[in-house]
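# What the coordinates show
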Amino acid sequence: MNEQQAELMLSQHSDVRHAGLEPATELHRINNSFVLDVVLRLNRSKRFKNFVFFISEQLNLNNAGAIEFFGNFWLTFPYVPRIFVRRASYAPRSIRDLISTPSLVLVCSTSRADPIMEVAAQSLRGMRWLKTVFVLFPKLRRDTQPREALAAQVKEVLEWTWMKQFTNSFLLTLQSGLFKLDPYPTTRIVNKTNNWRTRDLFRDSNNAMDTKGYEIRTPILNDLPRVFKDEAHGDGDGKKVYGTSAEFFMDFLEFINARVVDTSANLTIKSFELTNLLELVAQGVYETLMHSFTDLIGNYSVSISYPIGINDWCLMVPYSNASFQELYVREALQSSVWLLLLLAVAYMSVAIWLCSPRRPRDLSGAVLQCICSVTNNPPLSILKPATLRMRFLHVLLFIMGLNCSNMYISKMASYLTSAPAPRQLDTLQDIIAADLRILAQGYEYERLLGSPQTFSARFLQQVDVVSAEVLQQHRDRMNASYGYFVPTDRWDFVNMQQRHLRWPIFRLTSVCSGPFYHVFPMHLDSHLRSAHQNFILISQQSGLRVHWKREAFWAALRLHHFRLFVDNDEPTPLSMSFIASMVRVWCAGLLLAGLAFVLEMKWHQCTT
């Protein structure tokens, strides 16, 4: 490409603000051939599919050096697509949609305070793991030593790259200098000008990550079953930590050769307040947390990690173990069946009375005949009429009585063999009718408010918003006076506690939402993200989550965070309450029979 063609390609980026340069400073040039040689050697091993240039507006591209550099760049990589960005208004909305990986990003800047640095950071948000080369054109004062001033600017730029989490980057400076920041275990500047190799410039994602004892600061608060501490038997500065999320986090730190620093003592909160901790992560106080959470809302100000699981979010209510033995006699048949039987006895009694050839007709005898036939019992007196209509009525009564009696006896036999489960609270209407109070945290209540079609205003009146400490005191101690919203992993822990009980303390209802991601809070461009995701996949494939769940349960039991109840009750025989309704019906029948007998005797005395 000749000089005229290069001039035409660079004309759209020729906005230069010479007035912005101070008279006491001058813009130093760097070795263009050295930059091109570095990019060429990188391309031989990586085979880049795109080049993305972020060029400062303070750099004049209409000069011999710029035309020479870009002209040689086009000749060296004639078929690789390129994207140029010089200011925020030039930046595309999503660079992710315009490039393919692997890609190389070149940021040509004059200092850390150059606006192009922030433009590059915002444009590459979520993609700062891309291989990035920062090319520094320093503005140095004429009355200072270039080496000392350059060293200060190099340190500022590389510290900025680490703060913004450009994890695959290095810096090129004047006099063919190549500098790289080594963040582990603490940040330090490494000068690789004379001994650099292509494989040392970027981190190899195929190799295991070694942070050399890098410290990850995180608070450790009690949140059964995910994180809890052994306050009495701590080792060193931190207490011994248990729980499903804690086991995952500690094994992950061992996986990347890092260590945890407990900062719980520096916090004013002493319980697991999710929203406050997520805000601390969003502000950059913490890189991540040992505590995981179920992403119910999905619009927190902090990014999240790769999901470690999928949770439903369901309402847990007390189990109702009230006995309904006295209702077995009536509950064996539905109310509509009892009504049909009563109507059948009535109209069949009238039919027998009308169709009976005997004179005088006996209505009470017809009723008794019908009742005996329905219950499949022998009648008090056998009617032997020769008429076809009476035979037809007797056949109908026999079929109906056989079916009804056998159906009822079979149902009662099943009740005597295995008692049916009592009625439970399952729907929102059941909970509203029972007036059960529900305890929830603030962010959980916001989730309920966001679904007015599912959770009515009447139901929300029964929800009490409490702090995390109050909620844990009631929920973790299995207080059956309230209901609680729990994710799947927490319900598994509760269910393990009541596994040996004859009647459980809590049960899940059909009032559920989800599924939701079970995640850790983590910055979008965190240097831990790739290794964290790899470890999650390894743990899922190897079944470590099941192991951690069991370890958390037995550790919580050993530390007396809950009490394991075991029922040793012997089977008890049926009491008189089982046939209470039958006894009441029998007594009522005796009373009516006695009353009828007295009336018949009085009527007989009056008539004779």
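No experiment lies behind these values; they were computed from the predicted model shown.

The UniProt record marks residues 337-355, 392-409 and 578-599 with the feature "transmembrane region" (unreviewed entry), using the residue numbering of this structure. In residues 337-355, helix accounts for 100% and strand for 0%; the two terminal C-alpha atoms are 26 Å from one another.

Here six strands make up an open sheet; going across it, the order is E14-E19-E15-E18-E16-E17 and the pairing mixed. Sheet topology places strand E14 (293-294) and strand E17 (463-465) at the edges, where each strand pairs with a single neighbour. Of the strands in this sheet, strand E15 (309-318), strand E16 (438-440) and strand E18 (483-487) are in contact with helix H16 (residues 468-475), which crosses E18 at around 100°.

A few words now on the environment of Leu402. Along the polypeptide, Leu402 turns up in helix H12 (residues 388-417). Considering only alpha carbons, one finds Leu402 and Thr375, 27 residues apart in sequence, at a separation of 7.5 Å.

One open sheet holds the seven strands; their spatial order is E3-E2-E4-E5-E7-E8-E9, and the pairing between them is mixed. Pairing within the sheet leaves two strands with one partner each, and these edge strands are strand E3 (82-85) and strand E9 (188-191). Each adjacent strand pair in this sheet contributes to an overall mean axis angle of 20°, direction not counted. Relative to strand E4 (residues 103-109), strand E2 (residues 50-55) is paired through six bridges, and the arrangement is parallel. Its bridge partner being in E4, Val52 is matched across the sheet by Val105.

What follows concerns the packing of helix H10 (residues 335-355) against helix H11 (residues 363-374). For the pair H10 and H11, the least separation of the axes is 8 Å and the interaxial angle reads 130°. With respect to H11, the element H10 is oriented oblique. In the packing of H10 onto H11, the handedness of the crossing is right-handed. Only Leu363, Ala366, Val367, Gln369, Cys370, Ile371 and Val374 of H11 make contact with H10, whose side of the interface consists of Ala344, Val345, Met348, Ser349, Ile352 and Trp353.

The rules behind these values
Residues numbered from 1 in each chain as written. Predicted model: local features only at pLDDT ≥ 70, side-chain atom pairs only at ≥ 80, totals over all residues. Heavy atoms only, no water. UniProt positions renumbered as here; feature names shortened; annotations may be inferred. Helix = DSSP H or I, 4+ residues; strand = E, 2+ residues; numbered from the N terminus. Pairing = 2+ DSSP bridges. Contact = heavy atoms within 4.5 Å. Axes fitted to C-alpha atoms, helices over the stretch in contact; angles between N-to-C directions. Parallel < 35°, antiparallel > 145°, perpendicular 65-115°, else oblique. Left-handed = near helix turned anticlockwise from the far one by under 90°.

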